[in-house]
Amino acid sequence: MASDDQLGVIDDCASEYVAERLSKADIGGESETDIAVVGEVPQRAAGPGGATKPGELGAHPLTSPTTPKQGAELAVIEPEQHVPESENVELLLSRAGFIKRVGPVTYEIPTGHKKGMHAPARFFASPRLLRLVVGELQSGGGFTAAVEQLSNVATLPGVRVLRTNLHESDLDQRTRDKLADTLFEVIPVGVGESGAQRLNRDSLDAVLKDGMKWTEKAGLSWPEDRQVCEEQGCFAMADPSKVSDRAKKRGLLQLGSLGSGNHYTEIQTVQEIYDPAAAAAMGIEREGQVCVMIHTGSRGLGHQVCTDALATCDRAVKKAGIKLVDRQLACMPIGSPEGQDYLKAMAAAANFAFCNRTVVMSCVRRAFEKVFGRSARELGMNMVYDVAHNVAKQEEHVYNNRKVKVLVHRKGATRAFPPHHPQIPNKYKDIGQPILIGGSMGTSSYILTGTQGAMEHSFGSTCHGAGRALSRSKAKQEIDSKEVLRALNAKGISIRVATKHLAAEEAPESYNDVDEVVETCHKAGISRKVVRLRPVAVVKG
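Keep in mind that what you see is a predicted model, and the values were worked out from it rather than measured.

1. Some details on the overall build of the protein chain
Then, number 1: On a plain count of helices and strands, the protein chain comes out with 16 helices and 18 strands.
Then, number 2: Here the protein chain holds 541 residues, and 61% of them are scored as buried.
Then, number 3: When the accessible surface of the protein chain is totalled, it reaches about 21,100 Å², and 48% of it is carbon and sulfur.

2. A word on helix α14 (residues 481-490)
Then, number 1: The complete set of buried residues in α14 reads Ser481, Val484, Leu485 and Leu488. Considered in projection along α14, the buried side chains sweep an arc of 95° and stay on one side of the axis. Turned more than 90 degrees off the buried face of α14, the exposed positions are Lys482 and Ala490.
Then, number 2: Taken together, the buried residues of α14 touch β17 (494-497) and α15 (502-505).
Then, number 3: If you check the start of α14, you find a side-chain oxygen 2.9 Å away from the backbone N of Lys482, and it comes from Asp480.
Then, number 4: Where α14 ends, the next residue or the one after it, Gly492, has phi of about 80°, a positive value.

3. A closer look at the packing of aromatic side chains
Then, number 1: For the coordinates displayed, the defined rule picks out 5 aromatic pairs.
Then, number 2: Taking the centre distance of 5.5 Å and the plane angle of 20° together, the rings of Tyr107 and Phe123 count as stacked. Of this pair, Tyr107 sits in strand β4 (residues 106-109) while Phe123 sits in strand β5 (residues 121-124), and the two are 16 residues apart along the sequence.
Then, number 3: The buried category is assigned to Tyr107, whose relative accessible area is 0%.
Then, number 4: Looking at Phe123, the relative accessible area reads 0%, which means it is buried.
Then, number 5: Their ring planes at 20° and their centres at 5.7 Å tell us that Phe235 and Phe354 sit as a pair that is stacked. In this pair, Phe235 sits in the loop between α7 (212-217) and α8 (245-252) while Phe354 sits in helix α11 (residues 337-372), placing the two residues 119 residues apart along the sequence.

4. Let's talk about the side chain of Thr449
Then, number 1: Tracing the backbone shows Thr449 in strand β15 (residues 445-449).
Then, number 2: For Thr449, a relative accessible area of 1% puts it in the buried group.
Then, number 3: Sequence-distant contacts of Thr449, defined by excluding residues within four places in its chain, comprise Met282, Ile431, Gly432, Gln433, Ile435, Ser527, Arg528 and Val530.

5. Points about the packing of helix α6 (residues 201-210) against α11
Then, number 1: It is at 6 Å that the axes of α6 and α11 come closest, and there the two elements cross at 100°. Taken together, the axes of α6 and α11 are roughly perpendicular relative to one another. When α6 is examined against α11, the residues Leu204, Val207, Leu208, Lys209 and Asp210 are found in contact with a partner set consisting of Ala348, Asn351, Phe352 and Cys355.
Then, number 2: Tallied by class, the residues present in the contact of α6 with α11 amount to 6 nonpolar, 1 polar and 2 charged.

6. A short note on the side chain of Ser445
Then, number 1: Residue position: Ser445 is located in strand β15.
Then, number 2: Of note is the side chain of Ser445, whose polar atom sits 3.0 Å from the backbone nitrogen of Gly439.
Then, number 3: Setting aside residues no more than four positions away along its own chain, Ser445 makes contact with Glu266, Gln268, Met293, Ile437, Gly438, Gly439, Val531, Arg532 and Leu533.

7. Quick word on the environment of Pro127
Then, number 1: Positionally, Pro127 belongs in helix α3 (residues 127-139).
Then, number 2: In the structure, Pro127 is positioned 39 residues away from Asn88 in sequence and 7.7 Å away in space, judged by C-alpha atoms.

8. A closer look at the nonpolar core
Then, number 1: Of all hydrophobic cores here, the largest spans 106 residues; its most connected members are Ile187, Ile267, Val364 and Phe368.
Then, number 2: No other element matches the 20 residues that α11 contributes to this core.
Then, number 3: Apart from residues lying up to four places away in sequence, Ile187 is in contact with Leu258, Thr265, Val360, Cys363 and Val364.
Then, number 4: Membership of the second largest hydrophobic core comes to 34 residues, among which are Val89, Met117, Ala121 and Tyr446.

9. Quick word on the environment of Asp225
Then, number 1: For Asp225, the position within the fold is in the loop between α7 and α8.
Then, number 2: Judged by its relative accessible area of 1%, Asp225 is buried.
Then, number 3: With sequence-adjacent residues up to four places away left out, Asp225 is seen in contact with Met212, Met361, Arg365 and Met383.
Then, number 4: Here the side chain of Asp225 touches Trp222 through a polar contact of 2.7 Å, landing on its backbone nitrogen.
Then, number 5: A polar contact of 3.1 Å, which involves the side chain of Asp225, links it to the side chain of Arg365.

10. What to know about the pattern of salt bridges
Then, number 1: This structure, assessed with the given rule, holds 29 salt bridges.
Then, number 2: The shortest N-O distance in the salt bridge between Arg226 and Glu216 comes to 3.0 Å. Of the two residues, Arg226 sits in the loop between α7 and α8 while Glu216 sits in helix α7, which places them 10 residues apart along the sequence.
Then, number 3: The class of Arg226 is buried, set by a relative accessible area of 15%.

11. Comments concerning the pairing of strand β7 (residues 264-273)
Then, number 1: In terms of burial, β7 is largely enclosed, as 7 of its 10 residues are buried.
Then, number 2: Across 6 bridges, β7 lies against strand β8 (residues 289-296) in antiparallel orientation. Residue pairing across strands places Tyr264 opposite His295, the latter belonging to β8.

12. As for α6
Turn by turn, an α-helix covers 3.6 residues, leaving residues three or four places apart pointing in a common direction.
Then, number 1: Taken residue by residue, α6 has Ser203, Leu204, Val207 and Leu208 as its buried positions. Buried residues in α6, looked at end-on, bunch into an arc of 140°, giving them a common side.
Then, number 2: Buried residues in α6 make contact with α7, α8, α10 (299-320) and α11.
Then, number 3: The N-terminus of α6 is capped by Asn200, whose side-chain oxygen sits 3.1 Å from the backbone nitrogen of Asp202.

13. A short note on the packing of α8 against α10
Then, number 1: It is at 7 Å that the axes of α8 and α10 come closest, and there the two elements cross at 165°. Overall, the two elements α8 and α10 adopt an arrangement that is roughly antiparallel. For the pair α8 and α10, the crossing hand works out as right-handed. Residues Arg246, Ala247, Lys248, Arg250 and Gly251 of α8 form the contact with α10, whose own contacting residues are Gly300, Leu301, His303, Gln304, Val305 and Asp308.

So, how was this worked out
- Residues numbered from 1 in each chain as written.
- Predicted model: local features only at pLDDT ≥ 70, side-chain atom pairs only at ≥ 80, totals over all residues.
- Heavy atoms only, no water.
- Helix = DSSP H or I, 4+ residues; strand = E, 2+ residues; numbered from the N terminus.
- Buried < 20%, exposed > 50% of the residue type's maximum accessible area, 1.4 Å probe, protein only.
- Areas by Shrake-Rupley, 256 points an atom, 1.4 Å probe, with all protein chains shown as cover.
- Arc of directions from axis to C-beta.
- Contact = heavy atoms within 4.5 Å.
- Polar contact = N/O pair within 3.5 Å; in protein donor to acceptor, adjacent residues only side chain to side chain.
- Phe/Tyr/Trp six-rings, centres within 6.5 Å; stacked < 30°, edge-to-face > 60°.
- Axes fitted to C-alpha atoms, helices over the stretch in contact; angles between N-to-C directions.
- Parallel < 35°, antiparallel > 145°, perpendicular 65-115°, else oblique.
- Nonpolar A, V, L, I, M, F, W, Y, C, P; charged D, E, K, R; others polar.
- Core = buried A, V, L, I, M, F, W, Y, C linked by side-chain atoms within 4.5 Å.
- Salt bridge = Lys/Arg side-chain N within 4 Å of Asp/Glu carboxyl O.
- Pairing = 2+ DSSP bridges.
- Left-handed = near helix turned anticlockwise from the far one by under 90°.

What follows is the structure, encoded as structure tokens:
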């Protein structure tokens, strides 16, 4: 592990930004990794900075000798018939000789695989997910293979859940529809949509600096809400002066909004409880209990913080003489003035995201009050937890049998601290940090807890979702949004989508199997299953 002054700061949204630019150019769109990966997982995109070409970035034996044409299909290797699972895994590994199995669901890419790697790269996959990984390598298709991205990294939005006292028996179809309509009415959704809470320049700076302390003073959250939030809802090093005027202009109108893409508010019911004691500590006592999951982030403000940082990264890389193996790994030395400025701006954007989810939560509580005619307090609408995504955090971890201070960049991952860790709420000391895993539209979501295994194997991290199986552009080509909406309605799921084609982009078929991903992380020991939730109403941009 590199020392503190040797590590690079990787922009928390840079990969999303690059993927978005590429998708707008119609050269592959954006896609998350198919596997649960430790730390930073860049978005995969075709074209400049994305596709691996022969002779560049360390081509491997399974890479096609010619650059694949755009839109190449992903080759998925089917299991050999009547062959034990262990032999199937060995067969797959024989086709990707540089991947070594180091545990039941743990695989490693050695340091020598790619020039410039400072450490081995490790990932977790079930046999089914491993087939996708190896198939991706054999196809050569359209974007950088996940394991190649992981090798590249080695050279160098958040979720909230509320519990309620309600049971699914309180949610007949008419009530579900009424709740969905009310949520759609009170929560602004869609690209560029203004937020529910208007700000001026001074109040925006207070949001950026104080996070949920500001929402509490404004009467938008309860005092106990901050106590079950990562960093108690405020990154202390945030500095509003490091956020550009353009970013602030975008944030002024967007506090309390979902945006679009895979952001949503979802009413869910408890389908299965795996760990009753841990679930009870979270206020979840029975199957059928109603919960609400909110997934959104820092909106246009955070995106602009990223955009501003990319230009600075380009200059910093040249100044520091850093040679990147992948243009998506935009970086700058942590100890440099530019690196410190970015971390302060990123922390401010994270505080905006905490407040954004809080204002949305306030809207949710009001919607339930309106539909059920009781106060949110009477309905028991307490916050279970809020965990940030896509942030870089300075933490202390054990590496090579010694404690080191490192910058852990969780992109495509989420924090998973174990019981009795000093940075988790007192309420959860005995069970570990809650981990909130959102599924795709219409599939299960999960609540997990952190483990000591995560500290030992993945720098206190686990997966943060299923990961895309199809790019957004591919999903729109192959999936009929109307059919998706009909199928969800047939399951009794009330859905409200501001942008109709989004149904195809966010359809279950567009994502990997979240059950498979969560089970892999559970077996790897980097998180522990507590509760499985199923959707009954969804609001999306």
